[in-house]
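What the coordinates show
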Amino acid sequence: MWDVYKVEESYKKFPEVRREEVLKFQEWIHSQPHMPKISEHEALLFYYASKCNTEISKQVLDTYLTCRTHVESFFRNLDVNRADLQNAMKVVSLCPMPTLTPEGYGVVIAKLVEFDTSKFNFIAAIKLVLLAMDIWIQTLGIVPGLIFVIDLQGVKLGHIARIGILDMKKFLFYLQEAIPIRMHGFHFINQIPFMDKLLALMTPFMKKELLDVLHMHSSIEGFYKHVPPQMLPKEIGGDLPASKKLKEVFYDVLRKNRNEILKFEQSHLIEEAKRPGKAKTASDLFGIEGSFKKLDID
């Protein structure tokens, strides 16, 4: 499997995390008949992301596994050799930066590298982003937070028109409620003239906590106050190679770990028939799909 951050190193780096509490949390997980048996490493990720609160950790983990079970469009068929993911890798660049910020935050930059709107599939792009984030977080271990950056260069109105409202809701729900890392910043760079259209699609599903860390940069210099240029790609004034090169290095990791990714997909599911109490469905998380209409782009 891909290399994971050593548990012992995490406890040394973050001494405020009490191992006995993480092990109690893991023991609780293993006592749940509907949950898979996850490692101490993963239990630690959820525990730290939940600010070392055991009850919140339980809720976040259950939401994570429930999303992975019921949001099949994002979390099924994660074979990187499939046509939809192969195409997404050509259209979208998803680059975890190889170093942390001076404050210790991890940085991930997403952008288009193919600007033809007909080749953009939002569901496949999000599937790729979430798959890649899973592996990156597992490898990175616990960090104080995540800075997620969306570079809007090349985005056209036609791209926005291809985004389904419910799909956006599911993505933002997962980002806010389930992902095992703290969200420190959500940044847009290279703003587009129709930014209002994109925000109209997103902000109804963003909680105050995410809105509070939302930054829209009219100049790249303002963004540098959050992420220094020495750890950024060349095309946005950074010292690293261009995103096209960085993304291929990272996507090679996905390709090399194809079999482990498929095992991860199957091993991180809820067995609803064994859930204590009432079984959950996608509508319990997102409401009834038929009540969502497409955004009017005119």
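Computed from a prediction, not measured in an experiment: that's the story for all the values here.

Some remarks on the layout of surface pockets
Empty space among the atoms becomes apparent when a probe as large as a water molecule is rolled across them. What the largest pocket holds in volume is close to 640 Å³. What lines the largest pocket is a set of 19 residues, and nearest its centre among them are A49, K51, Q176, M183 and E209. Ranked by the residues each element gives to the lining of the largest pocket, the list is headed by helix α4 (residues 54-70), at four residues. For the lining of the largest pocket, a count of residues per class yields ten nonpolar, four polar and five charged.

So, the confidence of the model for the protein chain
Overall, the predicted model of the protein chain reaches an average pLDDT of 92, with 95% of residues at or above 70. Note that residues 290-298 has pLDDT below 50 and, in this model, 18 contacts with residues that lie over four places away or in other chains.

Things to note about unusual backbone geometry
Despite not being glycine, C52 shows a phi value in the positive range, around 60°. Among the residues examined, C52 registers a relative accessible area of 23% and is labelled partly exposed. Positive phi values are uncommon outside glycine, yet N77 reaches one of about 55°. Its place among the elements puts N77 in the loop between α5 (72-75) and α6 (83-91).

What to know about the pattern of salt bridges
Between side chains of opposite charge, a pair can form as their charged atoms come close. Taken as a whole and assessed by the stated rule, the structure comprises 23 salt bridges. For K24, the salt bridge is made with E21, and the minimal N-O distance between the two is 3.5 Å. Residue K24 and its partner E21 are located together in helix α2 (residues 19-31), separated by three residues, close to a single helical turn. Linked through salt bridges whose partners overlap, the residues forming this network are R18, E20, E21 and K24.

Some details on the packing of aromatic side chains
Overall, the coordinates contain ten aromatic pairs when judged by the stated rule. Ring centres 6.4 Å apart and planes at 80° place the aromatic pair F74 and F75 in the edge-to-face group. One exposure class covers both F74 and F75, and it is buried. Note on F148 and F186: the rings are 5.7 Å apart at their centroids and 45° apart in plane angle, and the pair reads as tilted. Taken together, the residues F148 in strand β3 (residues 146-151) and F186 in strand β4 (residues 183-189) connect sequence positions 38 residues apart.

Some remarks on empty space enclosed by the protein
The full count for this structure, using the stated rule, is four cavities of 30 Å³ or more. Within this model, the largest cavity holds a volume of roughly 380 Å³. Lining the largest cavity are 22 residues, and of these F120, F122, I126, I150 and I163 sit closest to its centre. Where the lining of the largest cavity is concerned, the elements lending two or more residues are β2 (106-112), α7 (122-140), β3, α8 (157-161), α9 (165-177) and α10 (195-202). In terms of residue count, α7 provides more of the lining of the largest cavity than any other element does, four residues in total. By residue class, the composition of the lining of the largest cavity is 19 nonpolar, one polar and two charged.

Focus: α10
Considered for burial, the residues of α10 that qualify are M195, L198, L199, L201 and M202. Looking straight down α10, one finds that the buried residues subtend no more than 155° of arc, so they occupy a single side. Along its buried surface, α10 packs onto α8, α9, β4 and β5 (214-216).

Remarks on the packing of α7 against helix α13 (residues 243-256)
Put simply, α7 and α13 touch, their axes get as near as 11 Å, and they point 80° apart. Here α7 lies roughly perpendicular to α13, going by the angle between them. Residues L128, A132, I135 and W136 of α7 form the contact with α13, whose participating residues are F250, Y251 and L254. A breakdown of the residues in the contact of α7 with α13 according to their chemical character gives seven nonpolar, no polar and no charged.

Digging into the sheet that holds β5
Spatial strand order, β1-β2-β3-β4-β5: five strands in an open sheet with mixed pairing. Each having just a single partner strand, β1 (92-96) and β5 make up the two edges of the open sheet. Across the sheet, the axes of successive neighbouring strands diverge by a mean angle of 15°, strand direction being ignored. Here β2 pairs with β3 via six bridges, running parallel. Considered in β3, the bridge of A110 is made with I150. Of the strands in this sheet, β1 and β2 touch α6, which is tilted by about 75° from β1. Sheet strands touched by α13: β1 and β2. Its angle to β1, the strand with the most contacts, is close to 75°.

Calculation notes
Residues numbered from 1 in each chain as written. Predicted model: local features only at pLDDT ≥ 70, side-chain atom pairs only at ≥ 80, totals over all residues. Heavy atoms only, no water. 1 Å grid on protein atoms, 1.4 Å probe; cavity = no way out; pocket = protein on both sides within 12 Å on 5 of 7 lines; lining within 4 Å. Points joined across faces, edges and corners; volume = space filled by probe spheres on them. Helix = DSSP H or I, 4+ residues; strand = E, 2+ residues; numbered from the N terminus. Nonpolar A, V, L, I, M, F, W, Y, C, P; charged D, E, K, R; others polar. pLDDT = per-residue confidence, 0-100. Contact = heavy atoms within 4.5 Å. Buried < 20%, exposed > 50% of the residue type's maximum accessible area, 1.4 Å probe, protein only. Salt bridge = Lys/Arg side-chain N within 4 Å of Asp/Glu carboxyl O. Phe/Tyr/Trp six-rings, centres within 6.5 Å; stacked < 30°, edge-to-face > 60°. Arc of directions from axis to C-beta. Axes fitted to C-alpha atoms, helices over the stretch in contact; angles between N-to-C directions. Parallel < 35°, antiparallel > 145°, perpendicular 65-115°, else oblique. Pairing = 2+ DSSP bridges.

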